[in-house]
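Observations on chain architecture
Each chain, letter by letter, is given below.
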Amino acid sequence: MSDVVPPEVRPKPAVPAKPPNVGVPSPSSPFPPQAPGTGGGAPPPSAIPVPIGSHGPQHISTHSVGHGVGHGAGHAAGHAAAHNGAHAHGGSHSSGGGSTLLGYIGIDTIIEQMRKKTMKTGFDFNIMVVGHSGLGKSTLVNTLFKSQVSRKSAGWARDDKIPKTVDIKAVSHVLEEGGVKMKLTVVDTPGFGDQINNDNCWEPISKYINEQYEKFLKEEVNITRKKRIPDTRVHCCLYFISPTGHSLRQLDVEFMKRLSHSVNIIPVIAKADTMTIEERQDFKQRVRKELEMGGIEFYPQKEFDEDMEDKSDNDKIREAMPFAVVGSDKEYQVNGKRVLGRKTAWGIVEVENPNHCEFAQLRDFLIRSHLQDLKEVTHNIHYETYRAKRLNENGGLHPISSNDTQESNL
């Protein structure tokens, strides 16, 4: 056995005089001051601080054995310094190798950017009203937007003769509310269902709807097209049902069946104040059953529900349709408040009172919750169906001359 001197009795080496700059830690150094002559200024492996959760002592000893004490100490010190720097730099380093951003970037401001841009360009919304004369179509549209936007504002008198065929009348207005501008176009169809022979009376309406699709399609296929194509497509068709209390007429069924695949149809029961509450509920159930038996799909269609939340909301709307509505543009004093209503011998029917009619539900559904969805379904479903059919036809689109292109870009 060799003579080993215990550490405590070894002779201590002479300590040289400490230079004046030794013992003062550098601001950028992660280690405490060390005496000179120990590995070229690098601390011994046992003195290297190891961050919690990073390389442990096994990592250090492996490097120390393979490359020597001095090199291992320097290599481990570099690792420790890198890790310390990573931990000090915003705390974004994770042990799994990923990174988590802790600061606010501002992605949610894209909503505000879209709002500002949309407010500058404005909206287009085109609504068509179809039904017999005398059902209050014009009055209801005026009540919806609280403005004279229907035939009255176009200078048409009530005593105009009923046209011999279905006529198409489109009136456009620019409405502004809260800084948001919307170009509203009301398409009226006087003469629908007012003749003795109403065979094919829906054809002028179907032709008008397809003409608007064709106009939009031709603008799209132009070589030099407008930055913003004017949208004259019909986004919504309000179909007025007579409050008979019995069943739908054959004309009602035939119209909705033929046009339900080319436009968003919303059936409404006009002048609902002519029925009692029990009669109204029975009539609504009968209408829904007849529409289901006829295979007629009205908006919102079930297959267009995007998720469970949409399905839940739309199911409630489908159960309440067709909306039994009352329209009026006259105000009356009720309990100290000015309300829109119809005055009768037994009282005033308040248009916006949900206990009197379902006008408020129709307005909220049509304008406040589903207006944008009506536009999207029109563009993504009905217009795309027409576009695919049109482009698949023999001959495709008619050639567009340079004169037509110049005129369309004016």
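Look a little higher up for the structure.
Residues numbered from 1 in each chain as written. Predicted model: local features only at pLDDT ≥ 70, side-chain atom pairs only at ≥ 80, totals over all residues. Heavy atoms only, no water.

Let's talk about the overall build of the protein
Counting its secondary structure elements, the protein contains 11 helices and 9 strands. Counting all 410 residues of the protein, 36% fall into the buried class. Counted over contacts in the protein with a minimum sequence separation of 6, partners at least 24 positions apart contribute 67%. In the structure as shown, the protein presents an accessible area of about 25200 Å², 54% of it carried by carbon and sulfur atoms. (Helix = DSSP H or I, 4+ residues; strand = E, 2+ residues; numbered from the N terminus. Buried < 20%, exposed > 50% of the residue type's maximum accessible area, 1.4 Å probe, protein only. Contact = heavy atoms within 4.5 Å. Areas by Shrake-Rupley, 256 points an atom, 1.4 Å probe, with all protein chains shown as cover.)

Points about helix H3 (residues 110-121)
Helix length check: H3, at 12 residues, gives a terminal C-alpha distance of 17 Å against a target of 16 Å (1.5 Å per residue), a fit within 8%. Immediately beyond the C-terminal end of H3, within one or two residues, lies Gly-122, with a positive phi of roughly 85 degrees. (Expected span 1.5 Å × (residues − 1).)

Here we look at the pairing of strand S3 (residues 180-188)
Relative to S3, strand S1 (residues 123-130) runs parallel, the two being bridged by 7 bridges. Residue pairing for S3: Phe-125 is matched across the bridge by Leu-184. By the bridge criterion, 9 bridges tie strand S2 (residues 169-177) to S3 in an arrangement that is antiparallel. Paired with Leu-175 across the two strands is Met-182, which belongs to S3. The antiparallel pairing of S2 with S3 creates a hairpin that spans 2 residues between the two strands, and Gly-178 there sits at a positive phi of about 60 degrees. (Pairing = 2+ DSSP bridges.)

Some words on the sheet that holds strand S5 (residues 265-269)
Ordered by their spatial adjacency, 6 strands build an open sheet running S2-S3-S1-S4-S5-S6, and the pairing between neighbours is mixed. This sheet does not close on itself; its edge strands, each paired only once, are S2 and strand S6 (323-324). Judged from the 5 bridges that link them, strand S4 (residues 236-241) and S5 form a sheet pairing that is parallel. Bridging across to S5, Tyr-239 finds its partner in Pro-267.

Re the sheet that holds strand S9 (residues 347-350)
Within a sheet, each strand pairs with its neighbour through backbone hydrogen bonds, oriented either parallel or antiparallel. Read from one edge to the other, the open sheet built from 3 strands follows the order S7-S8-S9, with strand pairing classed as antiparallel. The two strands at the open ends of the sheet, each matched to only one other strand, are strand S7 (331-334) and S9. Strand-to-strand twist across the sheet, computed as the mean angle between neighbouring axes with direction ignored, equals 70 degrees. When strand S8 (residues 337-344) meets S9, the two strands line up antiparallel, connected through 4 bridges. When the sheet's bridge partners are listed, Gly-341 is paired in S9 with Glu-350. (Axes fitted to C-alpha atoms, helices over the stretch in contact; angles between N-to-C directions.)

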